[in-house]
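Residues per chain are reported as follows:
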Amino acid sequence: MTDYKSTMNLPATDFPMRASLSQREPQWLEKWDDLDVHGKALKRRAGGPTFILHDGPPYANGHIHMGTAYNKVLKDLVVKYKTMRGFYSPYVPGWDCHGQPIEHQVEKELGPEGMAKTTQAELRAKCREWAMRFVGVQREEFKRLGVLGDWENPYLTLNPAYEAGNVRIFKKMYLDGAIYKGAKPIHWCIRCHTALAEAEIEYSDETSESIYVAFRFIDPTPWDEYGEASVLIWTTTPWTLPANVAVTLADGADYVGVKLADGRVMVLAEELVDAVAEVAGWTGHEVLSPRVKGQDLAGLHYAQPVHDGVTGVIITGSHVELTTGTGAVHTAPGHGEDDYLVGQRHGLPMPMPVLDDGTFDAGGGPFEGLDVRSANPRIIEWLDQRGTLIAATRISHSYPHCWRCKQPVIFRATEQWFVSMDRTGLRETAMKAISEVEWIPGWSVNRISAMVGDRPDWCISRQRAWGVPIPVHKCGKCGETVATEATFDAVIALFETKGADAWFTMRPSEYLPEGTVCPRCGAGVDDVVPEDDIVDVWWESGVSHTSVLDARPELHRPAELYLEGSDQHRGWFQSALLTSAGAYGHAPFERVLTHGFIVDGEGRKMSKSLGNVVSPLDVIAKSGADIVRLWVASADYGQDINVSDEILDRTSEAYRRFRNAFRFLLSNLSDFSPQDAVDWHDMPVLDRMALVQLADVLERVTAHYDEWRFHQAVRALSDYVGELSAVYLDVLKDRLYADAAASRSRRSAQTVLARILGVLVRVLAPVLAFTCEEVWEFMPTGLRDVESVHLSDWPSVDVPAVEMAELRQEYAYLLAVREEVTKALEDARNEKVVGKSQEAALRVSVPAEGLPALKRHEGSGLLEEFFIVSEVAVAAADEQASDGSRRAAYVVVKRADKEKCPRCWNHRELGVDPAHPDVCERCAGVLAASGA
RNA sequence: GGGCCCGUAGCUCAGUUGGUUAGAGCGCACGGCUGAUAACCGUGAGGUCAGUGGUUCGAAUCCACUCGGGCCCA
């Protein structure tokens, strides 16, 4: 038998079936670098509509993780899509470079001795070095993910111009009266004389005093008829009693009086009476009526337990627990977070009798001069002598300690700087700004509104070294704040030229205007000293709308989009919103997209202890960045996003399907160029149907992208490619392989394949950034108009609109019939009647309503082609299925009685052409034309 | 403890204003093909829609509670 294989147009391409992404991707990175794809894309879009996605700066410490990778890829997806749609969409990545974690790392590296020898300026230099190192590390890692942007010129919060932006906003808000100096309790180490951040605290068990103290009421109470009433409090920090100003009760809880054996009445939460009685060793006590709700006792006054002649007040709060203690919480706003917040809400004073070194000043009353720890037993003894100590024991509990000296830390109010939410109406302005922003997904607006709606004033000062100074001065003589438009402008100029480092090395007289004087005592510029504190890093990153969006000519404020994880409702979204609302009166973004957090396959957070951490770097090394990108695009970011080995395996399988489809398309276009294209009206109806399908899927996918539903776009494409492989591509093989290479029928098929390829490679490019570039390189040169797929335009498919509906309907009908055919073929296969479908001859019976649609194709070859069988006879169905249901078709399968053509493998009449007696008529024609 | 949110087949996702037997793709099982071949095609088995209780003629969909999970607070 002659070998006909060589006479066929079998698929041919060098596009590898195996992706080997981890090896091949770097090659495309190089190409993009060489071409400057991001820059070129921007030039192509210059003058067009803009779409600014403003990057939220990740912290420049450590390697990237799944969360940062996810976020960056999602951003890149948006930028690539918008760029293809014709938007001028520059992407300027940024890093958050200041802050306690870096300072802490550097300090740990230096060790205590090294720290002692290091000046603040030197420490800052080391912090800068550290930050820059990780900017470099993360930059390479983000680039490796295929993220395009201005990597050579990112924004860094430590750049002088950026630092100056902080001062611009501060100046505006300070001069408006929104920024004030107040006090707030923070963790304080009395041995190191320093403030501690949460990360600098180590918790360990500690034995503490546990005392119950009676605060005598001076207002009438519901229990007065039984004796002298007191509210009974419990505390483990007796030394905070001199700072007591209130007692907080639980709102809805019931309180009762308890008459003790000695006749006094103690007021406490009813459900804790038994527990307290046991600890205090009460016997013969009596629970008195009435039972009163916490809120009904609010406003009563009692005698301050330490200071004679001073009173405290009963208030209520939601933080009061009824599991331990008495349900009546001793409240000293200067000594605890809850106490501070509840104090703020009730407008309580905040006495702070403890000095830097932990000793009491005059506010400590009888304990002045003692340090807080040695004061404890003295206070207990003193209370006992006064008769107000009801019980005293000791308990062991977890207590915070200083990471440096391992000593217990205390909560102590210190002077801090605040942004007021209400003095200048910032809360109102911000709430209005929120309402003008598009929040995606929709629930996101609830979250940000709730947070801004009831957040306390923003404490923006930190007692650290590595950051941007609070840009005000104080009078060295009287302590008054020195901050005017002129001093702010001088600081802005200083930071812009020399950076914030100059704050720590220069004297104010070197950069402040000569005429600067203290507004209170009139001291001159030589007596002015700079503020020690630095600004909260959230403030710093927040002002990027000014330091970056306003500062860079290619960007603008407000940005079209901020896109971050949902934790940023508390973080960057809010700090950006508040600083922008405070300075400009509106939001810095037009819309905000938030995504969920990365969790493992079971939905639990990733942690080292659970051993479920997946690193993007490992995935890149094992499977490639495109797998990461496809995983990102496939997930619904509206909720938490799962990742696990299994999920990534599934992602790789989905990837392979796309890749194989690309390979098939490429391999059948190796001899095709645009001038071979066949016009719409010269195309077989199947090809026109395929183009309608393509137009439909493109429309769906575009809508999904436009509505930020990337996973739906990927799904639509995946479904499309699946059906394409199963139906159209499978059907086309006969024409592609067996018809004459340059025949109109084959060229028509190729025309459609080329359009499909052109659409797929473009619409998938934002997701499969590397693979689509690879495909681009393998496409016939006539099919690509630019050097890189990432420079190309979003595709369109031109199909005569009037014909679409009919073609769509007819295709749907043919497909329904085809489904019955495949089922029947499967049955026949199981009966060993046929193997491959080409061995089959069908009789297809259809109900009357479908008959004309099918009948008119009978004998044209279309049905045989579409079902991939050798013969189709169409008949009217007069029967119904045995179960009474109506099917689209009833199919009888027989083995084709004609012989198999050795060339095209269809069963046809052979030898019609005596010149080629072995083969069927079609193949004979092809052979004759090619001169074989 | 509070605020916002999530829980549909092994995996990723659809399920329109509550309306027949809850869908798809992948995976899996079985089969076909060997001219997309570490591919391709077909058939099939998988779900008490987290649970419980309500509202309703009817609930995956509305309400309440419980369980599990996430972020942010405390």
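A few points on the structure. Keep in mind that what you see is a predicted model, and the values were worked out from it rather than measured. (Residues numbered from 1 in each chain as written. Chains lettered and ligands numbered in written order. Predicted model: local features only at pLDDT ≥ 70, side-chain atom pairs only at ≥ 80, totals over all residues. Heavy atoms only, no water.)

Comments concerning the packing of aromatic side chains
Working step 1: This model, assessed by the stated rule, comprises 33 aromatic pairs.
Working step 2: Ring geometry for Y81 versus W794: centroids 4.8 Å apart, planes at 85 degrees, classification edge-to-face. Here Y81, found in helix α3 (residues 66-84), pairs with W794, found in the loop between α25 (769-778) and α26 (801-830); they are 713 residues apart in sequence, far enough to count as distant.
Working step 3: With a relative accessible area of 2%, Y81 lands in the buried category.
Working step 4: Between the aromatic rings of F142 and W151, the centroid separation amounts to 6.1 Å while the plane-to-plane angle is 20 degrees, which identifies the pairing as stacked. (Phe/Tyr/Trp six-rings, centres within 6.5 Å; stacked < 30°, edge-to-face > 60°. Helix = DSSP H or I, 4+ residues; strand = E, 2+ residues; numbered from the N terminus. Buried < 20%, exposed > 50% of the residue type's maximum accessible area, 1.4 Å probe, protein only.)

Brief notes about the sheet that holds strand β1 (residues 53-54)
Across a sheet, paired strands are connected by hydrogen bonds in the backbone, their directions being either parallel or antiparallel.
Working step 1: Across the sheet, which stays open at both edges, the four strands sit in the order β1-β24-β25-β17 with parallel pairing between neighbours. Edge positions in the open sheet fall to β1 and β17 (438-440), since each of these has one partner strand only.
Working step 2: In terms of strand pairing, β1 meets strand β24 (residues 561-565) through two bridges, oriented parallel. The partner of L53 across the bridge, within β24, is L561. (Pairing = 2+ DSSP bridges.)

Concerning the protein's contact with RNA strand B
Working step 1: Contacts to RNA strand B come from 55 residues, most closely from R18, D338, G603, D636 and R663.
Working step 2: Atoms of RNA strand B within 4 Å of the protein: sugar and phosphate make up 76%, bases the balance.
Working step 3: Between RNA strand B and the protein, one listed contact pairs a sugar or linking oxygen with a backbone N or O atom of G603 at 2.2 Å.
Working step 4: Here a phosphate oxygen of RNA strand B sits 2.6 Å away from a polar atom, N or O, in the side chain of H711.
Working step 5: For the surface near RNA strand B, the elements supplying multiple residues, two or more each, are α9 (337-346), α12 (444-453), α21 (645-667), α23 (710-738) and α26.
Working step 6: Top contributing element to the surface near RNA strand B by residue count: α23, with 10 residues.
Working step 7: The class makeup of the residues in the surface near RNA strand B is 17 nonpolar, 13 polar and 25 charged. (Near = heavy atom within 4 Å. Polar contact = N/O pair within 3.5 Å; in protein donor to acceptor, adjacent residues only side chain to side chain. Nonpolar A, V, L, I, M, F, W, Y, C, P; charged D, E, K, R; others polar.)

Some details on the environment of A765
Working step 1: Turning to its location among the elements, A765 is positioned in the loop between α24 (744-763) and α25.
Working step 2: Residues in contact with A765, not counting those within four places in the same chain, are K80, M84, C772, V789 and H790. (Contact = heavy atoms within 4.5 Å.)

Topic: the pattern of salt bridges
Working step 1: One pass over the structure, following the stated rule, counts 65 salt bridges.
Working step 2: Across the pair D76 and K80 runs a salt bridge whose closest N-O atoms are separated by 2.4 Å. One end of the pair, D76, and the other, K80, are both in helix α3, four residues apart, so they sit about a helical turn from each other.
Working step 3: Of the charged contacts, one joins R887 and E820 as a salt bridge, the two residues approaching to 3.3 Å between their closest N and O atoms. Residue R887 is found in the loop between β29 (871-876) and β30 (890-895), and its partner E820 is found in helix α26; the two are separated by 67 residues along the sequence.
Working step 4: R887 sits in the partly exposed class, given a relative accessible area of 41%.
Working step 5: One network of salt bridges, with partners in common, ties together D55, K72, K75 and E564. (Salt bridge = Lys/Arg side-chain N within 4 Å of Asp/Glu carboxyl O.)

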